[in-house]
Each structure stands twice: as structure tokens, then as C-alpha cells.
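A look at the structure
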Amino acid sequence: MSDSSPARPSVPVLDVWCELQCPDCRTALDDVRALRARYGDRLEVRLRHFPLEKHKHSFAAAQAAEEALVQGRGWEYVEAVLARVAELDRAGESVLVGTARELGLDAEEFDTALIDGRHILVVDADHAEGKAIGVTGTPTYVVGGERLDGGKSQEGLRERIEGIVDRLLAGQEG
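The paragraphs below set out a description of the structure included in this document. (Residues numbered from 1 in each chain as written. Predicted model: local features only at pLDDT ≥ 70, side-chain atom pairs only at ≥ 80, totals over all residues. Heavy atoms only, no water.)

As for the overall build of the protein
Under the convention used in this document: Only DSSP runs of H or I reaching four residues or more are called helices, and only runs of E reaching two or more are called strands; each is numbered from the N terminus. Note that the radius of gyration is over C-alpha atoms, with the globule rule given as 2.2 Å times the number of residues to the power 0.38. Accessibility here uses a 1.4 Å probe with only protein chains present; expressed as a share of the type maximum, an area under 20% marks a residue as buried, one over 50% as exposed, and anything in between as partly exposed. Only the protein chains shown count as cover for residues, and all accessible areas are computed by the Shrake-Rupley method using a 1.4 Å probe.
Helix and strand counts for the protein stand at eight helices and four strands. Shown N-terminal to C-terminal, the secondary structure of the protein runs as helices and strands in the order β-α-β-α-α-α-α-α-α-β-β-α. Here the C-alpha atoms of the protein give a radius of gyration of 16 Å, agreeing with the 16 Å that 2.2 N^0.38 yields for 174 residues. The dimensions of the protein, computed from C-alpha atoms along their principal axes, are 50 × 30 × 25 Å. Burial analysis of the protein (174 residues in total) assigns 50% to the buried set. Summed over all atoms, the accessible surface of the protein reaches about 8400 Å², with 49% contributed by carbon and sulfur.

Structure representation (C-alpha cells):
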């Protein structure tokens, strides 16, 4: 979901490198929600895909998230899939299409998108960029040129992100 909103150069960007089969990313949603609520349109929060090889369905889940974005419900879909991490582990890709159906999205189009691979390039580009900047696990945050790894511990990360964003916003005012 790299291009989830138009470029706004005066607004700080928080890239959230995430994997939709990752229990830590599910936990990190509370911080992401809090940051979105605190800053509103003064911070652009972008989901970036970083599927991990150890999770069999993560690549398909990233593609499905892109289809949800096309259908106008990207973040809602991401949150719904992350709430089903254990189910995705057990039941596989049917969870992705079922979640789309539950949200009132065009589930048949999800199924087709997963077969024809129309979103592979976006997912591959995110993954390659993540590797290039040193992302090794999820969640990882990048804001103001600083990379913060939440894969080992999320302790204090939201506060650190808030400090960086506050500093960036203060710099715009002065």
C-alpha cells in the first residue's frame, strides 16, 4: 500500500513495514491507531509490505491488501486480516477471500487478483526497498529517516515515533 495517499511533502511520513501473518504486527496496530488518531492529517501513515519467508501466506496476504486498497478499504482489510493471524496460519488463503466477503468487498475479484498476480509488482517493490534500507523483520517503522525495529520489542516505540514526528512538525513551523 505504498501509494495509499497523494504525496504531501510538507507532512511527515511514517512507513510501517508490516507482514499480515505476523502476530507482532497485529500487536503493533494499537500503536498505529494511536498515532493516526493523535496526528490525523498531519502525519501520513503508509503500510509497506515485507512478507517473511517463514509465513507461508504472507505474500498472498500482501497482494490481497493491495486489492483491498484498490477497492477502497485498505486499512480496514489489513486490520481484519491481522485480527485473524492464527486462522490464516491454519486455513490459508481462503481466509483472505472470506475476510473480503465479510467486509462487503468484491470477493471474486480478490480471488482473481490472487490468481492473476496483478499486485505482485507492488509487493515485490516494497519488499526490495525494505531490504535495501535494512528492514529484516516486522514491524519496522521508518520516520524522518530513522528506522525503528519493532520485531524484537515494541517497548517505547510509539513514544520514540511521537518524538520524531513532533520534532519534524516543529521544524516545519519554525
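We are not done yet, so read on.
Regarding the state of the cysteines
This is how it is decided: When two cysteine sulfur atoms lie within 2.5 Å, the pair is treated as a disulfide.
Inspection of every chain in the model, using the stated rule, returns zero disulfides. Cys25 carries a free sulfur, and the closest cysteine sulfur to it, the one in Cys18, is 3.5 Å from it. Judged by its relative accessible area of 2%, Cys25 falls in the buried class.

Overview of the side chain of His55
In plain terms, the rule: Polar contacts, as counted here, are pairs of nitrogen or oxygen atoms within 3.5 Å of one another; within protein the pair requires one atom able to donate a hydrogen and one able to accept it, and residues that are adjacent in sequence qualify only if both atoms are side-chain atoms. Contact criterion: two residues are considered in contact whenever any of their non-hydrogen atoms come within 4.5 Å of each other.
Turning to its location among the elements, His55 is positioned in the loop between strand S2 (44–49) and helix H2 (58–70). Looking at His55, its side chain comes within polar contact range of the side chain of Glu19, at 2.5 Å. Those residues in contact with His55 that sit more than four places away from it in its chain are Glu19, Gln21 and Cys22.

So, the pattern of salt bridges
The line we're drawing: For this analysis, a salt bridge means a side-chain nitrogen from Lys or Arg found within 4 Å of a carboxyl oxygen belonging to Asp or Glu.
Taken as a whole and assessed by the stated rule, the structure comprises 17 salt bridges. For the salt bridge of Arg38 with Glu162, the shortest nitrogen-to-oxygen distance reads 3.1 Å. Here Arg38 is found in helix H1 (residues 23–39), whereas its partner Glu162 is found in helix H8 (residues 157–173), with 124 residues between them in sequence. What makes Glu162 buried here is its relative accessible area of 15%. For the salt bridge of Arg84 with Glu102, the shortest nitrogen-to-oxygen distance reads 2.3 Å. Highlighted residues: Arg84 in the loop between helix H3 (74–82) and helix H4 (85–91) and Glu102 in helix H5 (residues 94–102), separated in sequence by 18 residues. One continuous salt-bridge network, built from bridges that share partners, spans Asp15, Arg46, Arg48, Asp126 and Glu129.

A few points about the packing of H3 against H5
How we decide: For helices, the fitted line uses only the C-alpha atoms of the stretch in contact; every axis is such a line through C-alpha atoms, and the angle between N-to-C directions lies from 0 to 180 degrees. Oblique is the label for any angle not covered by the other classes, which are roughly parallel (under 35 degrees), roughly antiparallel (over 145) and roughly perpendicular (65 to 115). By convention the crossing between two helices is left-handed if the near helix lies anticlockwise of the far one by an angle smaller than a right angle, and right-handed if it lies clockwise. In the scheme used here, Gly and all other residues not listed as nonpolar or charged are polar, with Ala, Val, Leu, Ile, Met, Phe, Trp, Tyr, Cys and Pro taken as nonpolar and Asp, Glu, Lys and Arg as charged.
Contact geometry for H3 and H5: axes closest at 10 Å, N-to-C directions at 130°. Classified by the angle their axes make, H3 and H5 are oblique. Both H3 and H5 take part in a crossing whose hand is right-handed. Of the residues in H5, those touching H3 at Tyr77, Ala80 and Val81 are Leu96, Thr99 and Ala100. Classifying every residue of the contact of H3 with H5 by side-chain character gives five nonpolar, one polar and no charged.

Regarding the environment of Asp111
Position of Asp111 relative to the elements: it lies in helix H6 (residues 107–116). With eleven residues separating them along the chain, Asp111 and Ala100 place their C-alpha atoms 9.6 Å apart.

Quick word on the sheet that holds strand S4 (residues 146–149)
Stated formally: Between any two strands, at least two bridges found by DSSP are needed for them to pair.
Sheet architecture is open: four strands sit in the order S2-S1-S3-S4, paired in mixed fashion. Every other strand in the sheet has two partners, leaving S2 and S4 as the edge strands with one partner each. Adjacent strand axes in the sheet meet at a mean angle of 20° when their direction is disregarded. The pairing of strand S1 (residues 13–18) with S2 spans six bridges and is parallel. By the bridge assignment for S2, Asp15 is matched with Arg46.

In short, shape yes, function no, at least from these values alone.
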